[in-house]
Amino acid sequence: MVTGIWQKSPNHSKEAPILLFDHTVIPEGDAELGDNLLYYDYNIDHLLSLEAKGLTMEDEGYISAFRSFEGEVYENYIYEKLLRYAANEPRIKRFIIKGPHKHRTRAQSDALSVSWKGQIIYRARHKEIGEFDGLLFTDKELYFVEMTLVKSVSNLKKRLRKKRALLEVLFPRYHVKALLVLNEGATGTSELPPYASVWLTKPYSARHILERLSSKSPRAPMIRVESPKIAHAEDLKIAAFKYYATLSWMLRSLRAVSPIDTDFFIRSTTQRYHDIYTKIYVGYLSVDDFKTLAPDLSWNGSNASRVVVAIEKDHSGGYFLTYFIRHSSKKLDNVTLNGGVSKTEKKDPFGITLTEMNHLDKVMDGQFVLSLTDHDAIKELITNIRHK
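What you are looking at is a predicted structure, and each value in this text was computed from that prediction instead of being measured.

Conventions adopted
Residues numbered from 1 in each chain as written. Predicted model: local features only at pLDDT ≥ 70, side-chain atom pairs only at ≥ 80, totals over all residues. Heavy atoms only, no water. Pairing = 2+ DSSP bridges. Helix = DSSP H or I, 4+ residues; strand = E, 2+ residues; numbered from the N terminus. Contact = heavy atoms within 4.5 Å. Axes fitted to C-alpha atoms, helices over the stretch in contact; angles between N-to-C directions. Parallel < 35°, antiparallel > 145°, perpendicular 65-115°, else oblique. Left-handed = near helix turned anticlockwise from the far one by under 90°. Nonpolar A, V, L, I, M, F, W, Y, C, P; charged D, E, K, R; others polar. Core = buried A, V, L, I, M, F, W, Y, C linked by side-chain atoms within 4.5 Å. Buried < 20%, exposed > 50% of the residue type's maximum accessible area, 1.4 Å probe, protein only. Phe/Tyr/Trp six-rings, centres within 6.5 Å; stacked < 30°, edge-to-face > 60°. Lys NZ or Arg CZ within 6 Å of the ring centre and 35° of its normal. Expected span 1.5 Å × (residues − 1). Arc of directions from axis to C-beta.

**So, the sheet that holds strand S8 (residues 141–147)**
Phase 1 of the analysis: The strand order S10-S9-S8-S7-S3-S11 describes an open sheet built from 6 strands, whose pairing is mixed. Because the sheet does not close on itself, it has two edges, and the strands there are strand S10 (196–201) and strand S11 (230–231).
Phase 2 of the analysis: Pairing geometry for strand S3 (residues 94–96) and strand S7 (residues 134–137), over 2 bridges, is antiparallel. Bridge pairing in S7 places Phe-95 opposite Leu-136.
Phase 3 of the analysis: Sitting on the sheet, helix H2 (residues 60–88) is in contact with S3, S8, strand S9 (175–183), S10 and S11, with an inclination near 150° to S8.
Phase 4 of the analysis: Strand contacts of helix H3 (residues 157–170): S7, S8 and S9, with the helix running at about 150° to S8, the strand carrying the most contacts.

**Here's the deal with the packing of helix H5 (residues 243–254) against helix H9 (residues 352–363)**
Phase 1 of the analysis: Closest axis-to-axis distance for the H5/H9 pair is 11 Å, and the angle between their directions is 60°. One element, H5, and the other, H9, form an angle in the oblique class. Crossing of H5 over H9 shows right-handed handedness. Seen from H5, the contacting residues are Tyr-243, Tyr-244, Leu-247, Ser-248, Leu-251 and Arg-252; seen from H9, they are Ile-352, Thr-355, Glu-356, His-359, Leu-360 and Val-363.
Phase 2 of the analysis: The class makeup of the residues in the contact of H5 with H9 is 7 nonpolar, 3 polar and 2 charged.

**Points about the nonpolar core**
Phase 1 of the analysis: Core analysis: the largest hydrophobic core is formed by 81 residues, its most contacted members being Leu-180, Phe-241, Ile-276 and Phe-290.
Phase 2 of the analysis: Leave out the neighbours within four places in its chain, and Phe-241 touches Asp-110, Tyr-122, Leu-166, Val-169, Leu-170, Thr-246, Tyr-273, Ile-276 and Tyr-277.
Phase 3 of the analysis: Core analysis: the next-biggest nonpolar cluster, separate from the first, contains 36 residues, Tyr-62, Ala-65, Tyr-204 and Leu-213 among them.

**Section: the pairing of strand S15 (residues 331–338)**
Phase 1 of the analysis: Pairing analysis gives 5 bridges linking strand S14 (residues 319–328) to S15, with the strands arranged antiparallel. Across the sheet, the residue bridging to Ile-325 is Asp-333, located in S15.
Phase 2 of the analysis: Adjacent in sequence and paired antiparallel, S14 and S15 are bridged by 2 residues.
Phase 3 of the analysis: Here 6 bridges tie S15 to strand S16 (residues 341–346), and the two strands are oriented antiparallel to one another. Note on S16: the bridge partner recorded for Thr-336 is Lys-343.
Phase 4 of the analysis: The hairpin formed by S15 and S16 contains 2 residues between the paired strands, and Gly-339 there has a positive phi angle of roughly 65°.

**Let's talk about the packing of H3 against helix H7 (residues 268–277)**
Each pair of packed helices gets described by two things: the angle between the helix axes and the distance between those axes.
Phase 1 of the analysis: H7 packs onto H3 with a crossing angle of 125° between their chain directions and a minimal axis gap of 7 Å. It follows from the interaxial angle that H3 and H7 lie oblique. As for how H3 packs across H7, the hand of that crossing is left-handed. Between H3 and H7, the contacting residues are Arg-161, Lys-162, Ala-165, Leu-166, Glu-168 and Val-169 on the first element and Arg-272, Tyr-273, Asp-275 and Ile-276 on the second.
Phase 2 of the analysis: Broken down by class, the residue content of the contact of H3 with H7 amounts to 5 nonpolar, no polar and 5 charged.

**Focus on the packing of aromatic side chains**
Phase 1 of the analysis: According to the stated counting rule, one finds 23 aromatic pairs in the structure shown.
Phase 2 of the analysis: Ring centres of Tyr-77 and Tyr-204 lie 5.4 Å apart, and the angle between their planes is 25°; this geometry places the pair in the stacked category. In this pair, Tyr-77 is assigned in helix H2 and Tyr-204 in the loop between S10 and helix H4 (207–215), connecting sequence segments 127 residues apart. In terms of burial, Tyr-77 and Tyr-204 fall into one category: buried.
Phase 3 of the analysis: A ring pair is formed by Phe-132 and Phe-144, whose centres lie 6.3 Å apart and whose planes are at 70°; its orientation type is edge-to-face. Of this pair, Phe-132 sits in strand S6 (residues 127–132) while Phe-144 is found in strand S8, placing the two residues 12 residues apart along the sequence. Residues Phe-132 and Phe-144 agree in their burial class; the two are buried.
Phase 4 of the analysis: Of the aromatic side chains, those joined through ring pairs into one cluster are Tyr-122, Phe-241, Tyr-243, Tyr-244, Trp-249, Phe-264, Tyr-273 and Tyr-277.
Phase 5 of the analysis: The ring of Phe-137 has Arg-94 lying over it, and the distance from NZ or CZ to the ring centre is 4.5 Å.
Phase 6 of the analysis: One cation-aromatic arrangement involves Lys-291 over Trp-299; the distance from NZ or CZ to the ring centre is 5.4 Å.

**Observations concerning unusual backbone geometry**
Phase 1 of the analysis: Here the residue pair Ser-258 and Pro-259 is connected by a cis peptide bond, since its omega of -5° sits within 30 degrees of zero.
Phase 2 of the analysis: Relative to the helices and strands, Pro-259 resides in the loop between H5 and helix H6 (262–266).
Phase 3 of the analysis: Not every positive phi belongs to a glycine, and Asp-110 is a case in point at roughly 50°.
Phase 4 of the analysis: Residue position: Asp-110 is located in the loop between S3 and strand S4 (111–114).

**Things to note about helix H10 (residues 372–383)**
Phase 1 of the analysis: In a regular helix each residue adds 1.5 Å, so 12 residues correspond to 16 Å; H10 covers 17 Å between its end C-alpha atoms and thus fits that length.
Phase 2 of the analysis: Taken together, the buried positions of H10 are occupied by His-375, Ile-378 and Ile-382. The arc that holds the buried residues of H10, viewed along the axis, is 65°, so those residues lie on one side. Along H10, the residues that are exposed and aim more than 90 degrees away from the buried face are Thr-373, Glu-380 and Thr-383.
Phase 3 of the analysis: In the core, the buried residues of H10 are packed alongside strand S12 (279–285), helix H8 (287–293), strand S13 (307–313) and S14.

See below:
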């Protein structure tokens, strides 16, 4: 069973809940959960192949694969616990159902729905924009839940900003907050924003779940939780959000003043969308001009015709410029510059950023070209602006 208390914390919301589960390992045959965890989707083929090769927890490759699996089981375990908690907590009015608790359906476009794999997601034109481990509603608040076994949450702030901003657009009448469920000992919680609360669990192991899955032993029937609070994502009424139309609107509005409209840039609405997209596009440089900024960059085999420029937020409250180079139809690089030295990250050829590039090809004509003088002026402007 769940044991825990609500206690005040200076680092989070006024009533930050601290939840401690009363065992370090879920005992097989847990009366409350039964075999429910075995009904979730797991891809354990790679993990089992490593075991077949004789790899163990002494090997780095095996540790990485096992921790990834364990993180999935942990998420499902916490979800099962939260589902039962929500059913008995008067303040919670609705709890979104997912995983094996819901019949499989295809995720919808421009809507909040549950994917075929049982995850709560929001899609735009069949591209996933956001995923939520859990969603629960009170009368005035909407909590999105993050369950993770990471040892430090310092790098989660960008992800939290994006998810919160998306839900604020979709559910404007709710106060959107985050609930993080972590293992005891996780660091960085004092750096989390005020809208984030933290629940803690004792150390967790999923070894017995892997053993059950690999042995393909019989499963007890799925235990269903019956409650009028259970809701389906696709039944929720959400505000309209046109992902690509909004992307174009921000680009045109930002460039309405040369080199950029800083008043528009710092508006709360703009910053909310900035968090959703993670970057705001401002125009493009010619390849020749960009080569003067990044002389160390290799262009072998590149068919790039321009370099798209965007503004991103950093973790310290500032902004920086980032650059997107499409060398071919499915090869997209994201480049950042630091002291004249370039750092390149290859983007997913089927990801949302590439579809954004396709969209920008249609709307970003010659009026959005940036000279090096424009580029330097924008860089100087954003250096003097801070975000929360």
